[in-house]
Amino acid sequence: MRGRLLSDRAAHIEVKFQAWLRIFFCAWALLVGHHAGAVAETSVADLQNYRVQSFTTDGGLSVDSLLHVARMQDGRVVIVGTRGAPVIFDGVRFAKPVVTSGQGIDSESGARMTLETPDGALWFASRTAGLLRLKGGVLSQLSDIEPQSLAITLDQSRVLVGTRTEILAFDALQPAEPRRVATLGVIVIAMLETVEGAVWIATGDGLFVLPKGAKTAQRIAEPRLSHVHIWALHQDVHGRLLVGTRGLGLAILASARVDASVQFVGFEQGLPHLVIRAITESGGAIWLATAGGGVARMLGDKIETFDSQNGLTSDTVTWITADQGGVIWVATAGAGLNRLWPSPFRKITDQRGRSGGFFYAIHRDPRGRIWLGSNRGLSRVEGAQITQTQAPGEGQFGSVLSIVDDLMPGSALPSAEVLLLSTRRGVFRFFIKEQRFELIASTELFPVVRLFAPQPLPMFEGALQLPLLAQKNQLYVIKNVDLIPIVTLPEGADITDIEHPTDHSVAQSLLIASTQGLFQFDGKLAIPVGARVRVDALAPLAERTLVGGAGLAYVDATGWHALSLAGEGGYRSALSQISGMTVQEKNVWITTGNGLYRMQREVLARATSEISLPAPQQFMLSTGLVSTEFESAPQSALLHEGKVYLTSTGGVSVLDPALASLVPIKMTLSMREIEAEQKTIAPELGAVLTPQMLPAGTRRVRLRFAALPASHAQSLAINFRLLPVETQFRSDAGQREAVYAALAPGDYQFELRAAVPGAQLASVPLSYHFSIAPKPIERKSVQAALLVGFLLLLSALPALHIFGLRRQKRRLIDEVSEKTQALELLARTDSLTQLANRRFFDEQVQALLGAQALAGMLLIDIDFFKRYNDHYGHQAGDACLRAVSACLEKFAKEKRLFAARIGGEEFALLLSNSAVLDLNAQLSEIAEQLCAQLCAQICAKVRQLQLVHLTSEIGHVTISVGAAATKKAESADALIQRCDAALYQAKAAGRNQWKVASNSPDIANDD
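Residues numbered from 1 in each chain as written. Predicted model: local features only at pLDDT ≥ 70, side-chain atom pairs only at ≥ 80, totals over all residues. Heavy atoms only, no water.

(A) Structural detail: the confidence of the model for the chain. The predicted model of the chain has a mean per-residue pLDDT of 83, with 88% of residues at 70 or higher. In the predicted structure, residues 919-923 sits below a pLDDT of 50 and forms six contacts with residues beyond four places in sequence or in another chain. (pLDDT = per-residue confidence, 0-100. Contact = heavy atoms within 4.5 Å.)

(B) Examining helix 9 (residues 874-895) more closely. Look at helix 9: 31 Å from first C-alpha to last across 22 residues, which is about the 32 Å you get at 1.5 Å a residue. Here helix 9 has its buried residues at Gly 877, Cys 880, Leu 881, Val 884, Ser 885, Cys 887, Leu 888, Phe 891 and Ala 892. Buried residues of helix 9, viewed axially, fall in a sector of 160°; they line one side. In helix 9, the exposed positions that point more than 90 degrees away from the buried face belong to Gln 875, Lys 890 and Lys 893. Following helix 9 by one or two positions, Arg 896 has its phi on the positive side, about 60°. (Helix = DSSP H or I, 4+ residues; strand = E, 2+ residues; numbered from the N terminus. Expected span 1.5 Å × (residues − 1). Buried < 20%, exposed > 50% of the residue type's maximum accessible area, 1.4 Å probe, protein only. Arc of directions from axis to C-beta.)

(C) Representation of the pattern of salt bridges. Under the counting rule described, the total for this entry stands at 38 salt bridges. Residue Glu 304 pairs with Lys 302 through a salt bridge whose shortest N-O separation is 3.8 Å. The partner of Glu 751 in a salt bridge is Arg 721, with the nearest N and O atoms 2.8 Å apart. Taken together, the positions of Glu 751 in strand 65 (residues 746-754) and Arg 721 in strand 62 (residues 718-723) put the pair 30 residues apart, joining distant regions of the chain. Like Glu 751, the residue Arg 721 is buried in the burial classification. Each of Arg 93, Glu 673, Glu 675, Arg 702, Arg 704 and Glu 737 takes part in a single network of salt bridges with overlapping partners. (Salt bridge = Lys/Arg side-chain N within 4 Å of Asp/Glu carboxyl O.)

(D) Local environment of the side chain of Arg 450. In this structure, Arg 450 sits in strand 39 (residues 449-456). No salt bridge is formed by the buried Arg 450. Its closest oppositely charged neighbour is Asp 536, at 5.1 Å. One polar contact links the side chain of Arg 450 to the main-chain carbonyl oxygen of Thr 496, over a distance of 2.9 Å. (Lys, Arg positive; Asp, Glu negative; His and termini not counted. Polar contact = N/O pair within 3.5 Å; in protein donor to acceptor, adjacent residues only side chain to side chain.)

(E) Quick peek at the layout of surface pockets. By volume, the second largest pocket is sized at about 900 Å³. In terms of lining residues, the second largest pocket is bounded by 33 residues, among which Ala 453, Glu 499, Pro 634, Gln 635 and Ala 637 are the most central. Put simply, the parts of the chain that give the lining of the second largest pocket at least two residues each are strand 31 (359-364), strand 35 (400-407), strand 39, strand 43 (495-499), strand 47 (535-541), strand 51 (578-583) and strand 55 (637-640). Of the residues belonging to the lining of the second largest pocket, the class tally is 20 nonpolar, eight polar and five charged. (1 Å grid on protein atoms, 1.4 Å probe; cavity = no way out; pocket = protein on both sides within 12 Å on 5 of 7 lines; lining within 4 Å. Points joined across faces, edges and corners; volume = space filled by probe spheres on them. Nonpolar A, V, L, I, M, F, W, Y, C, P; charged D, E, K, R; others polar.)

(F) Up close: the packing of helix 5 (residues 780-795) against helix 6 (residues 797-828). Between helix 5 and helix 6, whose axes approach to 4 Å, the crossing angle comes to 55°. Considering the angle they form, helix 5 stands oblique to helix 6. Facing helix 5, whose interface residues are Leu 793, Leu 794 and Ser 795, helix 6 presents Leu 797, Pro 798 and Leu 800. In the contact of helix 5 with helix 6, the residues fall into five nonpolar, one polar and no charged. (Axes fitted to C-alpha atoms, helices over the stretch in contact; angles between N-to-C directions. Parallel < 35°, antiparallel > 145°, perpendicular 65-115°, else oblique.)

(G) Quick peek at a nonpolar patch on the surface. Where nonpolar side chains cluster on the molecular surface, the patch consists of Leu 787, Phe 790, Leu 791, Leu 793, Leu 794, Leu 797 and Leu 800 and spans about 640 Å² of accessible area. Going through the elements one at a time, helix 5 and helix 6 are the ones with two or more residues in the nonpolar patch. Tallying contributions element by element places helix 5 first for the nonpolar patch, with five residues. Mapped onto the elements, Leu 794 comes out in helix 5. Leu 794 gets classed as partly exposed once you look at its relative accessible area, which sits at 40%. (Patch = residues over 30% accessible without salt bridge, like charges linked within 9 Å, V, L, I, M, F, W, Y side chains within 5 Å. Areas by Shrake-Rupley, 256 points an atom, 1.4 Å probe, with all protein chains shown as cover.)

(H) Main features of the sheet that holds strand 56 (residues 643-648). Pairing in this open sheet of eight strands is mixed, and the strands run 31-32-33-34-30-57-56-55 from one edge to the other. Each edge of the open sheet is held by one strand with a lone partner, namely strand 31 and strand 55. With direction set aside, neighbouring strand axes in the sheet form an average angle of 30°. In this structure, strand 56 lies alongside strand 57 (residues 651-655), joined through five bridges in antiparallel fashion. Across the sheet, the residue bridging to Ser 648 is Gly 651, located in strand 57. (Pairing = 2+ DSSP bridges.)

(I) Inspection of the sheet that holds strand 39 at higher detail. Strand order in this open sheet of four strands is 39-40-41-42, and the pairing throughout is antiparallel. Edge positions in the open sheet fall to strand 39 and strand 42 (482-488), since each of these has one partner strand only. Each strand of the sheet is rotated relative to its neighbour by a mean of 30°, with strand direction disregarded.

(J) Representation of the packing of aromatic side chains in the model. Taken as a whole and assessed by the stated rule, the structure comprises 19 aromatic pairs. Aromatic pair Phe 89 and Phe 94: ring centres 4.1 Å apart, planes at 10°, arrangement stacked. Neither Phe 89 nor Phe 94 differs from the other in exposure class; each is buried. The interplanar angle of 70° and the centroid separation of 6.1 Å between the aromatic rings of Trp 371 and Phe 430 together place this pair among those described as edge-to-face. One end of the pair, Trp 371, is in strand 32 (residues 370-374); the other, Phe 430, is in strand 37 (residues 426-431), and 59 residues separate them in sequence. As far as the burial class goes, Trp 371 and Phe 430 line up, both buried. An aromatic cluster is present here, built from Phe 55, Phe 89, Phe 94 and Trp 329 joined pairwise through their rings. Above the ring of Tyr 554, the side-chain terminus of Arg 544 is found at 3.7 Å from the ring centroid. Cation over ring: Lys 987 sits above Tyr 984, and NZ or CZ is 5.8 Å from the ring centre. (Phe/Tyr/Trp six-rings, centres within 6.5 Å; stacked < 30°, edge-to-face > 60°. Lys NZ or Arg CZ within 6 Å of the ring centre and 35° of its normal.)

Written out as structure tokens, the structure is:
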């Protein structure tokens, strides 16, 4: 019994502990979901209030098929595609992560997913390069495994890496060797550590859980989750575990316990698709990324769908992420990135989905019906749709400019069935039941009119509370079909608005706004009040009346008081074009010709001319406004059921003041990187921007910056300047970079500031200091040394000139010598055969004889050459001569002989003593024998040419050779005569043979 009581008590403590945990996490979620300074109103945006902005490769995205989007600590997002390097988006520009050293992230290492650790390091699960970590521009490979998924523990101390078979844990700040957490044997797709300390594991074959402190993961017993493919895991603020499956929709475990009950959400509950790829939580709702049904938002039991019909680029969503600003980032398969903004505005359209048109007036009748006046006539707002009724005329005459209630006949109460309309044609009564118009005053008398709601006018007998009509500078009371004039302002002071003073001491008077200032009318005189500036709008506020037009002011019992605005943002010029003001319980909504502004009511109620007003919150197109141009009319805004209905030149929109606080209160200006001389410098995340020294001689510098978070970056314009180069700020034109092409060495200060701060878009100015070192040649010491060297060079110029002349003389002499040698060679060479000519032959013979170095001579003649020439022609004869010459030249080089052409078809070979001595024998004994050998060899060489000679008895070209060995003291002529005689002997003997002349018996050959 005691054990049972202890067990029950332990169970009770555990239940209470879980309840306190749930309360803690709910409070934490509320704290994160709402930023400091938010107004007290709370609301949840309808899904139809969200607008979508798309980014594809046309807008700078590297790839349209995306896998993962992760939010960084500084407000940027990291985007991972199916291929290529991951990119970082600051809300305006896409850029690859800066890698200064280490392995590059190229197109071959596309990542599956990424996450950021507390130290600002980015982790990538790369398909081909394994697990990568990028910190401070240094990319390192932590492991060559193939990661399938990444997750970070709740205390952010460990990074969990899922692979095909196991889960590894790395230290988040000092990754070293990983620790194996669990081995499963299946692909790990997603991981989640719950507040209970357990790690839940989604795989391709079911759901597993690793209890805190356990060594082995166990499969969930729920049969529908035990073997299904699971894509996503998420624990919500209530402690429930949400499981996204492939084919079973969303599974919800009542708690993160193994034995928790499971509820499935599918088609029957409103889910658009049964494949859930990712889950996130924002604005008190669960957001689901489906692979075919777009994005589903689950708010309690209600499920809404945001898909391609709402503006998504694709219904096949691969990932979804929510940031602190309530913005949803949606990654698609093949259709780029989508950004869903939780706009406080809801656009009202007609039955065809159109919202355009010039809307001049909005009015709520006694029955709560809302009426619109536009260039299309009169229409009604029914629910969230505009229903067109009728127009009082055709074309521009059918435009309805203002709408008020008519009075019931014989009563001071407004009629619920009759409206008064002003048009470009005149003033009409509109009978709602009969749908009938009745003209009261034509355009001939009243070309431009404005109507005002029935006003209490105690200063006029018989006109206690009647509608008013303004035509230019005149104000009338409308009584039945009569127009009773009550006041006429000075010429040119066209009436724009009227209001009773809130100061009770002057309650019997009427304030009249005009294009020439404000007037106070007491029933007799219209007295100017304050400055003679244009006034378009009046609004009662406590004990004062706000005055808006060409500036902002207020009037009270003490008179006119102009108000000034702090800062230098673009809102100052916009608030000089005020067209209307609407006072709500906590806010004052100001419509202008350049957007909508919100100021706190209590601030304006206490404002004085001595203290500048804080910057108002601005709403533009980027925050969901359908148009930034509001007509100058007192009926541009209407309060209805806590919402603000706005009419503009672009349509009708409804503003939820409670949702207006979702816009980030503070934007951060951030330096992203600076490029100089092929070098990229990226400031460390969260580090102080210390002065940076750029490479020496840098001239072109590109500075890139951002306004973060990325969710609202486009809502903030940025101005910059570079001191001391420029003193005036200039706009970045949305490019988020500044380029300077010709900077001199020195110190610089780059300054950033927000151009449109706004109360909800405030940002602290940013300064970035850098210096450019001079090149060595730009240093004064180097320049002085160069000057001294230049002077020394000038003094040495005469000597250098003389040295140059001498070099030129030597060069000319060398050139003359080379050309002379070339001419001499040309004079000694036969032009046809390129052998030595007769002149060179004679010189060589004399030189060798004079040196007693000539051992012998061979004279060669081509047999029957004249017949060859006559039969084949001179060109063939020249070819024959060249062929024989080439053979002789080659032979001469081999035997160290001198070859020459000494006549038409006659050639000669000279045998020197050096060639004879190579035979290692006495000259006197072998000269004749050597001549004979040479004759035989050269005859054979020519025959081997096989040059066809049909007019020869032999049938091919042959030669005849006559040779002689040199005798002592023999002259050149004598030697040539003896060789010539031997040649004639060879010819006489039948040609194609050789003869050697000698004092001994003749040596002959009859080949």
